[in-house]
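Examining the three-dimensional arrangement
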2 protein chains.
Amino acid sequence: MSSYAIVIHGGAGTILPAAMTTELEQSYKAALQEAMDAGFRCLTAGGTSIEAVKAAVMSLEDCILFNAGRGAVFAKDGSQEMDASIMDGSNRMAGAVAAVRNIRNPVELAYVVMTKSQHVMLNGKGAQEFAKIHGLKTEPDEYFYSEFRHQQWKQMQDTDAMALDHSVTIPATASSDDFAEGKPSFTKVSEDKKFGTVGAVALDQYGNIAAATSTGGMTNKQWGRVGDSPIIGAGTYANNMTCAISCTGHGEPFIRAVTAYDVSCLMEYKGLSLQEAMHIVVHDKLLKIDGEGGMIGVDAAGNTAMVFNSEGMYRGRRDSEGLNETLIYK
Amino acid sequence: MSSYAIVIHGGAGTILPAAMTTELEQSYKAALQEAMDAGFRCLTAGGTSIEAVKAAVMSLEDCILFNAGRGAVFAKDGSQEMDASIMDGSNRMAGAVAAVRNIRNPVELAYVVMTKSQHVMLNGKGAQEFAKIHGLKTEPDEYFYSEFRHQQWKQMQDTDAMALDHSVTIPATASSDDFAEGKPSFTKVSEDKKFGTVGAVALDQYGNIAAATSTGGMTNKQWGRVGDSPIIGAGTYANNMTCAISCTGHGEPFIRAVTAYDVSCLMEYKGLSLQEAMHIVVHDKLLKIDGEGGMIGVDAAGNTAMVFNSEGMYRGRRDSEGLNETLIYK
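Residues numbered from 1 in each chain as written. Chains lettered and ligands numbered in written order. Predicted model: local features only at pLDDT ≥ 70, side-chain atom pairs only at ≥ 80, totals over all residues. Heavy atoms only, no water.

1. Observations concerning the relation of the copies chain B and chain A
- Mapping chain B onto chain A calls for a rotation angle of 180 degrees and an axial translation of 0.0 Å; the resulting RMSD is 0.0 Å. Taken together, the rotation and translation relating the two chain copies correspond to the operation of a two-fold axis. Residue Tyr269 of chain B, judged by its C-alpha, is the member of chain B lying nearest the rotation axis, at 2.9 Å.
- Comparing contact sets, 100% of the residues at the interface of chain B also lie at the interface in chain A, consistent with an isologous, same-surface contact. (Least-squares fit on C-alpha atoms with pLDDT ≥ 70 in both. Contact = heavy atoms within 4.5 Å.)

Listed below in structure tokens is the structure:
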């Protein structure tokens, strides 16, 4: 147990050592470390948990390797629509945005919705107008463009495949630069499942916890589909009395299971520990409705946990007792 | 306890006898009875709970008196954006739509999302394209127009008031026709709070429960604001093991409290009855975060409950044991 801590994730799914290059693995770990350190520095300097999770998620959004912010996947119509949410466990205030475009950091917009509006959730063009009023940074389409994501989409564009469960096989020579440039070309669609979402949870020196989640959603998504990431209670939840949770996975079962809040209820009403509650939700309740993915959590006592039922989850945790790790596989 | 039952609501808020005409009260009660009977007939004929809640909510959407479907309130830009959700307690499948326009029955669209897509939640224009593919009935703007709602909006249009808490005072001579025609003119903005949402929960002869909710949101709403109505776990939840719940109230606290699922967790994890769980959530948990409103519920044993912390809630329940009532005030 520690006096402050941060845990982050960069998505879960079929992430196997055999499908990964050494260089790419290094790139992922470096990006995770950088995001985690951004949040941790904030905590060390006496910042709040809500500032720390925002800083960590913004760092992950800025990295082209993860499906959130820059590097977001393409929807059916070739656009990149993003969702994000944030919740402050000290007062259970929350903010969320769904289906926003060209916003550099959707999690920052969710934070501004929480702190500068009377609302919890804004969507679409309305959310973008709100962002403009509050001076949030926007970027042209090119900024979000990644050749890797574009090729993912191109392979599915003319199909009706809904693309939760496809990704491009990464060649053995791939490096992180290839994500931006698309060289060597990533052409083969594999049956891998990757749930591209990023998130962070943190405990600060004042005993307050917070959670944030951000995503570009599913490749080739249609019809304005919204997953669990912007849904308070499903993808994100925080309450000082229980836990702060950020999820990543197949969004639909996560919504139906009200996943993040379920962990909180198992702790509050049944007296389970963070680890016990997360284990039941991820390995029992979600699996029963084909809910593949995982979650990260922290409680006000400084316990942290990272639980997933998929092959891997990009993740890391760092605390004031000296724990500092980034992990990918089981 | 009954072998089948339906409970409906037409919104909660500052609904006082002094502010109501006898004729209008009769109109509300007749509309509630009609919607309830539509669902009840379905149950009597051996229909499922999901069909019954859909039928009841469609009837409420078709009535100009309620803020859902026809009669939806105006947003800041003069448009009418609607949200709805539905959940089947037998398999915990769910469907939801946010920010849709010109769809005659948003709850029917939520049902089609649940039954004909791999998704739970669709939003905006994408949701409307999906509706078109599946042949859902659309209506021109004029259909949704009500002079009463238009005047509500006109009084607020040039303000930044967010309009959860304003409504037009109804003259002592008003009848339901006046809602459509706007005669006599409803001009005075009062400090009444009315949370315009409609919903239904039902238990069928097979022991399955279901819930559905639909709304036009807040008058003069801006920035694509989404309330609790389309959020599974917040505005709507159903699980045969515990309860089916539909909420109405100030959406933001209802989202932050994950209101509907909280009732389910209090029943599942603490062993509370439906009535006990709903009482705690509405009169304790919601009030602590200024969450004004109410909810209706049913469990698989046929217990029903209607609980609210506001002055009134348009509501009714009917069951196979002969209970048949429509109520407005405390």
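Here the narrative resumes, following the displayed structure.
2. Describing the environment of Ser264 of chain A
Residue and element names in this part refer to chain A.
- Turning to its location among the elements, Ser264 is positioned in helix H9 (residues 259-270).
- Each C-alpha atom of the pair Ser264 and Gly46 lies 26 Å from the other, and the pair is 218 residues apart in sequence.
- Ignoring anything within four residues of it in the chain, the contact list for Ser264 reads Tyr237, Thr242 and Cys243.
- A polar contact is formed between the side chain of Ser264 and the side chain of Thr242, at a distance of 2.8 Å. (Helix = DSSP H or I, 4+ residues; strand = E, 2+ residues; numbered from the N terminus. Polar contact = N/O pair within 3.5 Å; in protein donor to acceptor, adjacent residues only side chain to side chain.)

3. Some thoughts on the pattern of salt bridges
Residue and element names in this part refer to chain A.
- Under the definition given, this model contains 20 salt bridges over all chains.
- One salt bridge in this structure joins Asp62 and Arg104, with 3.6 Å as the shortest N-O distance. With Asp62 in helix H2 (residues 49-62) and Arg104 in the loop between strand S3 (93-100) and helix H3 (106-116), this pair connects stretches of sequence that are 42 residues apart.
- The partly exposed category is assigned to Asp62, whose relative accessible area is 26%.
- Each of the salt bridges in this network shares a partner with another, and the network as a whole consists of Asp62, Arg104 and Glu139. (Salt bridge = Lys/Arg side-chain N within 4 Å of Asp/Glu carboxyl O. Buried < 20%, exposed > 50% of the residue type's maximum accessible area, 1.4 Å probe, protein only.)

4. Quick word on the side chain of Asn309 of chain A
Residue and element names in this part refer to chain A.
- Here Asn309 shows up in the loop between strand S14 (304-308) and strand S15 (312-319).
- One polar contact links the side chain of Asn309 to the main-chain carbonyl oxygen of Gly291, over a distance of 3.1 Å.
- Side-chain polar atoms of Asn309 contact the backbone nitrogen of Gly293, separated by 2.8 Å.
- When residues no more than four places from it in sequence are discounted, the contact partners of Asn309 are Val282, His283, Leu286, Leu287, Gly291, Glu292 and Gly293.

5. What about the sheet that holds strand S12 (residues 244-249) of chain B?
Residue and element names in this part refer to chain B.
- Strand order in this open sheet of 4 strands is S11-S12-S13-S14, and the pairing throughout is antiparallel. Here the strands that pair on one side only, and so sit at the sheet edges, are strand S11 (236-238) and strand S14 (304-308). The average angle at which neighbouring strand axes cross in this sheet is 10 degrees, direction not considered.
- Where S11 and S12 come together, 3 bridges link them in antiparallel fashion. Within S12, the residue paired with Tyr237 across the bridge is Ile245.
- Against the sheet, helix H10 (residues 274-288) engages S12, strand S13 (293-298) and S14, with an angle of about 15 degrees to S14. (Pairing = 2+ DSSP bridges. Axes fitted to C-alpha atoms, helices over the stretch in contact; angles between N-to-C directions.)

6. Focus: the sheet that holds strand S13 (residues 293-298) of chain A
Residues and elements named next belong to chain A.
- Taken together, 4 strands build an open sheet; the order of strands is S11-S12-S13-S14 and the sheet is antiparallel. Two strands in the sheet have a free side with no partner beyond their single neighbour: strand S11 (236-238) and S14. When the angles between neighbouring strand axes are averaged without regard to direction, this sheet yields 10 degrees.
- Against the sheet, helix H10 (residues 274-288) contacts strand S12 (244-249), S13 and S14, and its axis sits at roughly 15 degrees relative to S14.

7. Overview of the interface of chain B and chain A
- Counting from both sides, the interface comprises 43 residues of chain B and, opposite them, 43 residues of chain A.
- Both sides together, the interface formed by chain B and chain A hides about 3,800 Å², and carbon and sulfur atoms give 63% of it.
- Of all residues in chain B, the largest losses of buried area upon contact with chain A belong to Trp223, Arg256 and Tyr269 of chain B, amounting jointly to 23% of the total for that side.
- Across the chain B-chain A interface, the total number found is 2 salt bridges.
- Measuring nitrogen to oxygen at the nearest pair gives 3.9 Å for the salt bridge that ties Lys285 of chain A to Glu268 of chain B.
- Counting across the chain B and chain A interface gives 18 residue pairs in polar contact (both at pLDDT 80 or more).
- Those elements that provide at least two residues to the side of chain B that touches chain A are strand S3 (93-100), strand S4 (121-123), helix H4 (124-133), strand S10 (225-226), helix H8 (251-256) and helix H9 (259-270) of chain B. (Buried area = accessible area lost by both parts, 1.4 Å probe.)

8. What about helix H6 (residues 147-154) of chain A?
- With 7 of 8 residues buried, H6 of chain A is to be regarded as a mostly interior element.
- Every buried residue of H6 of chain A is accounted for by Glu147, Phe148, Arg149, His150, Gln151, Gln152 and Trp153 of chain A.

9. Topic: the pairing of S14 of chain B
All names here are of chain B.
- Burial within S14 is extensive, with 5 of its 5 residues counted as buried.
- Residues Thr304, Met306 and Phe308 line one face of S14 and the alternating positions Ala305 and Val307 line the opposite face, and both faces are buried.
- Alignment of S13 against S14, held across 5 bridges, turns out to be antiparallel. Paired with Gly294 across the two strands is Phe308, which belongs to S14.
- Hairpin connection between S13 and S14: a loop of 5 residues separates the two successive antiparallel strands, and Gly302 in this loop has a positive phi of roughly 95 degrees.

10. Focus on the packing of H9 of chain A against H10 of chain A
Residue and element names in this part refer to chain A.
- Across the interface, H9 lies against H10 with an axial gap of 9 Å and an inter-helix angle of 130 degrees. Regarding the angle of H9 to H10, the classification is oblique. The chirality of how H9 crosses H10 is right-handed. For the pair H9 and H10, contact is made by Thr259, Asp262, Val263, Leu266 and Met267 and by Leu274, Ala277, Met278, Ile280, Val281, Lys285 and Leu286, respectively.
- The residue makeup of the contact of H9 with H10, split by class, is 9 nonpolar, 1 polar and 2 charged. (Parallel < 35°, antiparallel > 145°, perpendicular 65-115°, else oblique. Left-handed = near helix turned anticlockwise from the far one by under 90°. Nonpolar A, V, L, I, M, F, W, Y, C, P; charged D, E, K, R; others polar.)

11. Digging into the packing of H3 of chain A against helix H4 (residues 124-133) of chain A
Residue and element names in this part refer to chain A.
- In the contact formed by H3 and H4, the axes pass within 10 Å of each other and the chain directions differ by 75 degrees. Judged on the interaxial angle alone, H4 and H3 are roughly perpendicular. On H4, the residues that touch Leu109, Val112, Val113 and Lys116 of H3 are Ala127, Phe130 and Ala131.
- Looking at the contact of H3 with H4 residue by residue, the class counts come to 6 nonpolar, no polar and 1 charged.

12. A closer look at the environment of Tyr145 of chain B
Residue and element names in this part refer to chain B.
- Note on placement: Tyr145 falls in the loop between helix H5 (141-144) and helix H6 (147-154).
- Residue class for Tyr145 comes out partly exposed when judged on its relative accessible area of 32%.
- Separated by 66 residues in sequence, Tyr145 and Ser79 place their C-alpha atoms 9.9 Å apart.

13. Examining the packing of aromatic side chains
- Applying the stated rule across the entire model yields 15 aromatic pairs over all chains.
- An angle of 35 degrees between the planes, with centres 5.5 Å apart, marks the rings of Tyr4 of chain A and Phe40 of chain A as tilted. Within this pair, whereas Tyr4 of chain A is found in the segment before strand S1 (5-13), its partner Phe40 of chain A is found in helix H1 (residues 22-44), the two being separated by 36 residues in sequence. Here Tyr4 of chain A and Phe40 of chain A have matching classes, each one buried.
- The aromatic ring of Tyr111 of chain B is capped on one face by Lys54 of chain B, whose charged end is 4.5 Å from the ring centroid. (Phe/Tyr/Trp six-rings, centres within 6.5 Å; stacked < 30°, edge-to-face > 60°. Lys NZ or Arg CZ within 6 Å of the ring centre and 35° of its normal.)

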